[in-house]
Every structure is written in C-alpha cells, then in structure tokens.
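# Residue-level structure breakdown
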Amino acid sequence: MADLEELYREIILDHYRSPRNRGELPVPPAHRVEGFNPLCGDEVVVTLIVNDDTVSDIKIGGTGCSISQASASLMSSAVKGKPVDEVRGLIHTFKSMMSVHQSTLGDADEDGRQIEPGPEDPELVDSDALGELAALQGVVKFPVRIKCATLSWNALSQGLDELS
Amino acid sequence: MADLEELYREIILDHYRSPRNRGELPVPPAHRVEGFNPLCGDEVVVTLIVNDDTVSDIKIGGTGCSISQASASLMSSAVKGKPVDEVRGLIHTFKSMMSVHQSTLGDADEDGRQIEPGPEDPELVDSDALGELAALQGVVKFPVRIKCATLSWNALSQGLDELS
Amino acid sequence: MDMTDGAMTVDDVEVASGYLDVEKLRRDFPILAERVHDRRIVYLDSAATSLTPRPVIDAISKYYETTHANVHRGVYATAEEATRLYEEARIKVGRFIGATRPGEEVVFTKNATEALNLIASSWGHANLKENDVVVLTEMEHHSNIVPWIMLSEELGIELRYVPIDGSGRLDLSNFDEFCDGAKLVCVSAMSNVLGTINPITEMSKVAHDHGALVVVDGAQSVPHLPVDIQELGADFLAFSGHKMMGPTGIGVLWANATILEAMPPFLGGGGMILDVKPEKFLPADPPDRFEAGTPPIAEAVGLAAAVDYLQSIGMGQIRSHERSLTAFALESIGEKLGDDCRIFGPPAGDDRGGVMSFSYRDVHAHDIAQVLDQYGVCVRPGHHCAKPLMRKLGVAATARASIALYNSEDDINVLIEGLVEAGRLFANA
Amino acid sequence: MDMTDGAMTVDDVEVASGYLDVEKLRRDFPILAERVHDRRIVYLDSAATSLTPRPVIDAISKYYETTHANVHRGVYATAEEATRLYEEARIKVGRFIGATRPGEEVVFTKNATEALNLIASSWGHANLKENDVVVLTEMEHHSNIVPWIMLSEELGIELRYVPIDGSGRLDLSNFDEFCDGAKLVCVSAMSNVLGTINPITEMSKVAHDHGALVVVDGAQSVPHLPVDIQELGADFLAFSGHKMMGPTGIGVLWANATILEAMPPFLGGGGMILDVKPEKFLPADPPDRFEAGTPPIAEAVGLAAAVDYLQSIGMGQIRSHERSLTAFALESIGEKLGDDCRIFGPPAGDDRGGVMSFSYRDVHAHDIAQVLDQYGVCVRPGHHCAKPLMRKLGVAATARASIALYNSEDDINVLIEGLVEAGRLFANA
Ligand SMILES: Cc1ncc(COP(=O)(O)O)c(C=O)c1O
Ligand SMILES: Cc1ncc(COP(=O)(O)O)c(C=O)c1O
C-alpha cells in the first residue's frame, strides 16, 4: 500500500480531519465562487476578500473527498494574506505540478484537454515555493484524483479573474 | 461459373431480352400498382384487369436488373388468364420457393423479417405448378437477389388485395 | 444435489443449485487473468459495464478477419454474409427478450441512452403536446430523465416522478393517480443504484388502463434477469450491449411493431430511406427507418455472441447465482461492518438485484474506491448518473459494488477486507 | 529511383515512388487471405467500408482482454486506463486532421451520419429559422441531405443545391450567388459516386465572406487524402471510423471550439451533464455535452490504432498510390472496353479520388456485380445513397469500384476480365 500512503500523507489526512479556514465569508464584502466536479458530485465554495491587491481573507465551504477537502484547506492556508500576484504564481505552480507527470501526450490537462505548455521538466516546478502543498504531489500518480485536487484552485483562479 | 449459369438460365435471359406483356394498361379499367426496391432503385409497375375473378389482362412496366425483369415477365405469362384463386396459390408457391432455403433461422423472409410459416420441406413446394417459373429457383442461392425476384410478385399480391 | 429428481421446478433448481461454477466461468474472461497492484482483479463494477468473455472477443475478431463488409447493398459474398450476420443478430437479440417479430421490432442503436432518446424524439414529437403528462420515477438513470426534460422544455409537457419509499422501492400506493391523464410511463426495470427490481408487469397494467404506453429501461435488468417483454407488457424496452457481456458501441431498442410502424424517423441519412428527392424523402419501414448510416455491424455480431454466451449458462441460473451472492454480500457486510456501513436499497430477495450502493462511516466514496483499488477491487464512486435519487437519499455520492456471473463469495470477502482498511486509514476522519 | 537526391519535393516523391508496396501491405489484412468462389478476394468496395488491418483488430481484442471498463467515473486501475485510452484516441484523431484543440473539438459519434445529424439538430435548431438558406450540392450523400430536409420540413428553411457540370465537378460559376443570404454550406470533400475532390478551401472562403459556416462531409476524403482542417477553413468536419480502416460503431465530429461551445445538447443522458434536477439539467462542456451514454470505447481504441496505421504509411503516400492506380484503372478500362463502359466523374488528376462509378453497355449494375462476384471482385451496385445525383446522371443505379491502399493493378485487371464476361453473358441483352 505504498502508493496509498503517498497519496494519503499524514498532512493531507490532517487537513481533511481539521480543515483550515472552513466556512463562508459574508457577501459582500467577500466574493463568492463555486466549483463543481460533475464526475463525483464534489462541490467547493470559495469566498475571498481582496484588499490592496492582497488576498486578505478566504474561507472554504462545500463537500468532497479527502483530496479535494485537504487541497482546499492547504490552499487557503497558503494564500491567505498573500499578494494577488504571488497567489497567481502559486496557482500556476500548483497546476503545473498536477499536470507534469500524468499525460503520455504531454500537453493535456486533467481532462485530457490541451493547456498552455507548462514547465516540461518536472524539476522546473519549484517545490520549495509550494511548502506544505508539496504533500499533494502524490496525487499525480492517480490521474482521476487530480480533478479533486485542482477543484478549489480552479475556483480561486476564477474568483481572482472575476475580481480583476 | 456453375452458380452463375444456374442463376442466369437461358430462359431467364430470354425473358430479360424479350419481356412478355411489356407496357402499361390504361387506368381505368386497369388497376395500377408500383413496387420499389430501395436497395438498388429497381421499380416495377404492374397494371392488371380482373374480370369475373380472373386476371384477364396484365402488363409490366418499370426498370430493373435481369432477375427482376425476367421474374416480372415470367409472372405475367404465368398469371394472365388465370382465376384469381389460382394466381394467389401461385404467388404463395413462388414466395415459398424464394424463402425455403435461404435463411438459417428458418422463418424469415427476404428481409430477415418473420413470415407465416411456409412449407418447411422444400419438397413441398410444387415445382410442377410453377412451370417455367422454376427457372428462378437458382435465385435462392443468391439471397440478395431474392428481393429482385419477388418485387413484381409483391406488387401483384398487393394489387389483388386492393381489388378484393 | 439430486438432479434426477424429476419433480423439481425451475425455482427449486435455482435455489438448490445456488451458485454457478465461477472458477470455470472466470476462465472465459481474459481480463480476470490480469493483475493490478500485484493482486487479482476483483471486478465489482458490472453495473457500469460488464467484462467481455472470450467468445465475444473472438466473434468480433473473426468478423473483421473473414467477413467485414458494409451491409444491405452488397451483392458479393462477404457483403451477403455480413448482412446475414447482422440480421441474424437482430433476430437473436429479439428472441432473447421474447419478441415475436424480432426482424421488425428490434432497432440497433449506439447504446441504451440513444434508444431512450429515440423514443423521446420520435414518438414524443409525434404524440405529445403541451401539458401532456409523462410519468418517471425517482430512481431513474439520467438517460431516462434528461431526454424527457429536454422534451418538456421544448413541448411544455409535465413530468411526474413516482417517489421511492424508505426501503428503496417505488411507492406505488397512488400510482393510479400518477397515471391519470398520462401518455407515457418511463421506468427502470432494475435500479442501477438501489438494485431494486420494479414490478413492471403490474405497473404496465395500470398504465395501460389509463391509456399510457410504457417505456422500460432494461439496461440493468436484461443482463441479469430472465426478461420477457410479453410478460412485462411493455411497449418499449431499451438496453445496452456492453452491460450484457457484449461490445461497446451498440444498444437496442425493442418496440411493439405497430407502434414502431407509426413513428416518424429519428436521424436522417443513408439506409433509412425509400427515396430521396432534393426537397423531400420517403422513409423506409422499421427497423431500417431508425438506423441511419452504417450500423454497428461488428458490434451486432459481438452482441449475438454475448446472447449465445448468456443463454448457454441460462438467465435463470445467472439470476439464481446473483441472488444468492447478493444475499451473502448483504449479510456478510452487515455482520462484519455493522452500522458503519449503510447499504441502500431493499433487503435480499426476489425484488433485489446485485447492485449494492453503500456509504461507510463518513469516508467519502472516492476515498473508499481509492483504497479498494489497492486491493484490486473495482467499485464505482459517484452519483451513478442518478442525481435526483442521490438528493432523495441525502448523499452526494455512494460507493457501488455490483456483481455478475463471474463473482464469488471470495470477491465479497476481499471487498470487506478493503473496507476495513479504509476505515482504519480514515479513522477519526 | 535515386532517393539520395536531396532536391526532390514531396510531389516528386509521390509521383516518382508511385505505388506502395501492396504485396507487403496486403499481409496486414487477414480478410485478403480468404478465398471466395475459389478465387482471391479483389476488394473494390472501400468507399462503402474499408478492410480492417491486423493492428486495429488486435487493439480492439487487447482492449477487451486487458483493460475494458467504463470511462470517466472510475477510480480503479483499469477504469483509469480505459479513460486514458479513450481520451488519447480523441487527441490522436483530432491531430490527424490538424485540430489545434483536439481535446475540446473532437466528438465521438456512432458514424458520420450521426455527426451530420448532430450539426443539423443542435446547431440547426439554435441558429436557423424560417426562410434561412442552407446550401448543399447535387453530389451529396443522403446522410448530408436527409438531415437538412428534415430540418427544412420542421423549420421552413430553404435548401439550395449547387449543380454539377458535365464532367462531374461542381459548377461553381455562380457559387457566390448561392451563398447570398446563406447561413450554412454543406459539402462533401470527395464524392462517393464520382470521385470528385471538391475545392473546399476556395468554397469556404466564399461561404465565410457571406457569413455562412461550412460543414464538410469528410467520410470519403479523410480516409484517402491528407486532410487539414486549418487549410480547408471548415467549421465542421464529419467522418466515419469504418471507412478509414477503423472499426464500425464510431464516427467523428470535429467542430471549431467556439462554435461547439455555443451549441445546445443533442442527445440527453448520462455523461453529458453537470447537474440534473427533476425539472431541469445543466449540460457539461464540449465534447462531453455531445456524448450521451456510454461511448464507443473499444471503437475509439480501434480508431486510434487505425490512425496510427494510416500515419505509419503516410497519407501523402496513400494518396499518391491511389492517384496512380486510379489513372491506371481509368486508362485500362477505356482501352479495353472502350465506349461500352461509361465512367462517371472527372478524369484522373488532382481533383479525382479512387471512386469509379460506371455503367457497362446496358447490363444492369446488379448483374454486373453478380458476375464480378464470381471473379472474387467486390463492387457495389445501386444508388450509393445519392439518389438526387443518380437522377441528375440519368441512371437508376451504377456499379462502383473504389480503391484503397491494398489495391494493385492486378485487381483492376481482374475487374476488367469480369466485365468482359458480363458483356459476353448479357450479349444482345
Ligand atoms: C460521402 C459520404 N458521406 C456520408 C457517409 C455516411 O457514412 P456512415 O454510413 O458511416 O455514417 C458516406 C458513407 O456511406 C459517404 O460516402
Ligand atoms: C438503469 C440504466 N439506464 C440507462 C443506462 C445507460 O446506458 P448506456 O450508458 O449504455 O447508454 C444505464 C447505464 O449507465 C443504466 O444503469
């Protein structure tokens, strides 16, 4: 069960059991985005406040599997209080990590759809920048679960786009 | 080419080259029926006059392959001047001949559709009653051509139904 | 077991014989010799698609190797043979479900979903108008819901959903009222989530009394139960090849010949016409009328081989095996996992098929399936294309284990082993 | 031939190399080892369906033997692998025709006919209203006519047919006027009767100038010519697996992503939704939106293998081979049979593919095909699903010989031998 332990690292289970920044911020002043995984019915609700180009607050609602919940919780911790530019960089780095290994076709994202070419060499994904998020690296070995991991990130990305 | 010679017997080629009762009878007094083979575009036009329960006159129009043309010509010769009852019997005998051998499933007609059970034993088809028509027996070895052979017969059968 | 006892009824044989010889049957399925994560495959996802036995795979290969040609219009030898095989498949499939005029009543589609859409589009447009009522049930698959929603958006028809009760059965206490003024009743013969086998024969009677026609979604029943459309009294039956050990890419619509004859075309194109002029066309008779374009020829050949395979075992025997194994599974899970595992649907019995959806503690279905995969166990997490039913059950997703003739008690034991591990891993989660 | 001459252009190579190594290629097609009427099979019916090479047959078998599972929702190993294979096939097929976003733009259907119906039904309903104009051509296949007639009967749109000239080419002299006020132009890239290769690139430009979108029926072109949708400038392209050495039961619709994104669903059911409530549903994004129900999974795997096979030979090489063989056939028939044989369509050349329809004396096409069958020669008699074209040509049916990469000059010689015998048999007929 080595693979399984790599997927369900302790830090992931911890975030699943005790999600950080759980709940919804009042709208307004917060901005609200919903994410949706049609395959399994997972839903995520991201509410966030951007002040002075900084993600000053964020909360996560919705339901889902351990991977989608832990990823959302980890995300919220990673981006809270960070400048929007840095958050966008993090989103890119995270999504690159989620797409580097999995496709034999090289340039398809979690849906097998094509994406903008990311770093071709896994080494180029700066894991240092990811911090705790690197714990989600095990997910790329489980292609079906990549959608779970990226669900909240796509919602966040959409939210930032809508706000800018 | 033995099979081919069985299919294209001299009598068939003769009726194809010199079709009997060719043309259309004026309507009225004649009754007119069209037959249609959607697979190859063959068309037959049967015009007939029934007097005193007898097919007193019949003519054949339309275009088609040697088998459909020869079968129509042979049919016209066989039924002209015959009582309707006898003609119906001939239609049944002819169609039985066309369906006995060909289907592994035993009770499907030329479309693979089910039909009323006919004589199960080929011997029961009375070839004597068929006369010259027996020349068409070779057709059953060529299932696709059975539709060509039965085209005019189906039209005649429909015509008799409409008249009665 | 005394097979010489001439007094045994079919029911006796089923109960007495109990299980099929699974060890022997498993050898017919090449995929079961594969290993995943260094374990044997425990395939419990037959409700999604069944595994494919050797004779079906071989029939498809042999077709391409010796016969392949387009059907219906060829005069040459292989084209004649391809046509014969294709039409023979139609008749075989029709007889399998008790059709009396299989050559006219069986339409090959691409899957069960297309068959249901064909009914909604062709029959629906010709027979339904604003405010007409179509009755569905709360346990329908999206494929027997969405076509009707699309039609209701277009025509303004009313959809009524027969509710389910606490046991996962249809609540038919006022089915009569549901049918009042209804033109059509659409119901699954067996639920792909709850395993419930619905009383189609009784429902058809009521529906017909109200002048409504009956559409039966047989996607789950045809592969697992003896199905006889005469007995069901249905007007339409839809099912899929890939769930009954046949190939993907083929489905079946059976409909009563008189009804089919009166229906307008569905898709237009080659093969479904009598004549075409620039501004109008003349449709062919059924079933050709509903088969536009080159049909799934190799798939029909494979499906015929699947029917032969199922019949060589016997649908009664298959049902008996699966009923026994379902009873074993429900009992074992209850014994070993207790209240931690909530299984949806009715208890084992005559109206319960081998589809078992469950939740386990509050481990998410996705995580259950992931852990089980490590044990070689194939179950499906999700909404199983039945979101209205999920909402009714109050869950976002379930894990679903579904059995077929190649499953044994061993498989259920491995399933339970895996569930225990999932529980351990997510303890206190 | 001097392959070291670095200055050769692609055209030189094609012309210089001329034929493919047919003897070698024929070994890839098991059916060609069969014998009928004690003769080898001379397969000249590839326009109806192509023969299937070993790698495609094996890919399908292997899929069922090692991987088969339903796609999209499974977490376990084989389901992941099946999903990967299915999506990989989509991307491979898309790249084969030059799609830039294959993962979004390629929809798998059951055949080319369904792809064309999908456009008519989904795009048509959303974009066409009474008196809108759809332009077709006189050489279209029923599959690119009947869906539009059905739509015209429903919506009251006007259909205009671009005529053909005496050589069997489109008469485009006033194509500009035809496009005036048109919303859509639907044209076959290559005629399945005349072999005419139409100037799609030029036609697309004119159509677009008039604000019309362009639907290309690629059923005959994609299997036999290098096709690049960027170059064609088309908005939609439809084709079939079984005509390009792939399996039956699968077709392809390619459409520009922006256009596809704006189109409403076609069939409803599992797999094409984001959410379903009893009274309404939310469709998924393309391509899922247009793939209701379990898709043709094994068929997609087989089609990917077919694309690999074609690409391993090279579409340019294939076209070159077929062009040479077509030229040989037209010349030989002319030489040996003279005016007795009337061949429809343009002379050999850049705008002529390997489909040859002919009439021979006044021997009926059915009889020609029957006699040829005795020589092992497979040709197709009939209207070839193009009745409006037949009427224009003034014939009820033609016999059609159509070639592919496995055909050689020998095959044409046997064809001619058979025709001479038919002439003898029906002398004075
Ligand atoms: C030009 C053309 N269009 C469309 C079709 C329809 O293809 P299918 O029958 O595979 O749907 C064909 C083949 O029959 C064709 O030749
Ligand atoms: C009850 C039921 N109906 C319909 C379907 C649809 O079948 P298919 O996906 O083969 O069209 C399924 C299977 O997914 C099912 O379980």
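Preceding this section is the structure that the text describes.
The notes below deal with the structure included here. (Residues numbered from 1 in each chain as written. Chains lettered and ligands numbered in written order. Predicted model: local features only at pLDDT ≥ 70, side-chain atom pairs only at ≥ 80, totals over all residues. Heavy atoms only, no water.)

## Let's talk about the relation of the copies chain C and chain D
For the record, the criterion: In this comparison the copies share one frame, found by least squares on the C-alpha atoms of residues holding pLDDT of at least 70 in both. In this analysis, two residues are considered to be in contact whenever any of their non-hydrogen atoms come within 4.5 Å of each other.
Between the two copies, chain C and chain D, the superposition gives an RMSD of 0.0 Å; the rotation angle is 180 degrees and the shift along the axis is 0.0 Å. Considering both components of the superposition, the chain copies are consistent with a two-fold axis. It is Gly249 of chain C whose C-alpha, among those of chain C, lies nearest the rotation axis, at 2.7 Å. Comparing contact sets, 100% of the residues at the interface of chain C also lie at the interface in chain D, consistent with an isologous, same-surface contact.

## Some remarks on the interface of chain C and chain D
The line we're drawing: The term buried area refers to how much accessible surface (probe radius 1.4 Å) is lost by two components on association, counted for both of them together. Every case where a carboxyl oxygen of Asp or Glu lies within 4 Å of a side-chain nitrogen of Lys or Arg is listed as a salt bridge.
Across the contact, 91 residues belong to chain C and 91 residues belong to chain D. Summed over both partners, the interface of chain C with chain D comes to about 7,200 Å²; 59% of that surface belongs to carbon and sulfur atoms. A per-residue breakdown of the area chain C buries against chain D is headed by Tyr64, Val75 and Tyr76 of chain C, which together make up 10% of the total. Arg54 of chain D is paired through a salt bridge with Glu65 of chain C; the nearest N and O atoms lie 3.0 Å apart.

## A closer look at the site of ligand 1
Quick note on the threshold: By convention in these notes, a residue is near a molecule or strand provided one of its non-hydrogen atoms lies within 4 Å of it. Polar contact is the term for a pair of N or O atoms within 3.5 Å; when the atoms are in protein, one must be able to donate a hydrogen and the other to accept it, and sequence-neighboring residues count only if both atoms are side-chain atoms. Method for areas: the Shrake-Rupley scheme with a 1.4 Å probe, in which residue coverage is limited to the protein chains shown.
Taken together, 14 residues surround ligand 1, and among them Thr294 of chain C together with Thr113, Asp217, Ser240 and Lys243 of chain D come closest. Surrounding ligand 1 is a set of residues that belongs to chains C and D. Ala112 of chain D places a main-chain nitrogen or oxygen 3.3 Å from an oxygen atom of ligand 1. Out of a free accessible area of 390 Å², ligand 1 has 95% covered by protein chains.

## Details of the site of ligand 2
Which entries qualify depends on this criterion: Amino acids outside the nonpolar list (Ala, Val, Leu, Ile, Met, Phe, Trp, Tyr, Cys, Pro) and the charged list (Asp, Glu, Lys, Arg) are all regarded as polar, and Gly is one of them.
For ligand 2, the set of nearby residues contains 14 residues, the closest of which are Thr113, Asp217, Gln220, Ser240 and Lys243 of chain C. At the site occupied by ligand 2, nearby residues are drawn from chains C and D. With respect to ligand 2, the backbone of Ala112 of chain C contributes an N or O atom lying 3.3 Å from an oxygen atom. Look at ligand 2: alone it shows 390 Å² of surface, and the protein chains cover 95% of it. Residues that form the shell around ligand 2 fall into these classes: two nonpolar, ten polar and two charged.

## As for the arrangement of the chains
For this structure, the chain pair with the highest number of contacts among five pairs of chains in contact is chains C and D. Separated without contact, chain A and chain B have their nearest C-alpha atoms at a distance of 43 Å.

## Topic: the packing of aromatic side chains
Let me state the cut-off plainly: Two aromatic rings, drawn from Phe, Tyr or Trp (for Trp, its six-membered ring), form a pair once their centres lie within 6.5 Å of each other, and the interplanar angle then sorts them: stacked below 30 degrees, edge-to-face above 60, tilted otherwise. Put simply, DSSP H or I for four residues or longer makes a helix, DSSP E for two residues or longer makes a strand, and each gets a number counted from the N terminus. Using a 1.4 Å probe on the protein chains alone, a residue whose accessible area is under 20% of its type maximum counts as buried, one over 50% counts as exposed, and one in between counts as partly exposed.
Going through the model one piece at a time under the given rule, you end up with 20 aromatic pairs over all chains. On the numbers, 5.4 Å between centres and 55 degrees between planes, the contact of Tyr86 of chain C with Phe108 of chain C is tilted. A residue pair is termed long-range when its members are at least 10 positions apart, and Tyr86 of chain C in helix H4 (residues 77–96) and Phe108 of chain C in strand S4 (residues 106–109) qualify at 22 residues. Across this residue pair, the class does not change: Tyr86 of chain C and Phe108 of chain C are buried. Chaining the aromatic ring pairs together yields one cluster made of Phe29, Tyr43, Tyr309 and Tyr406 of chain C together with Tyr76 of chain D.

Everything listed is a geometric property; what it means functionally is a separate question.
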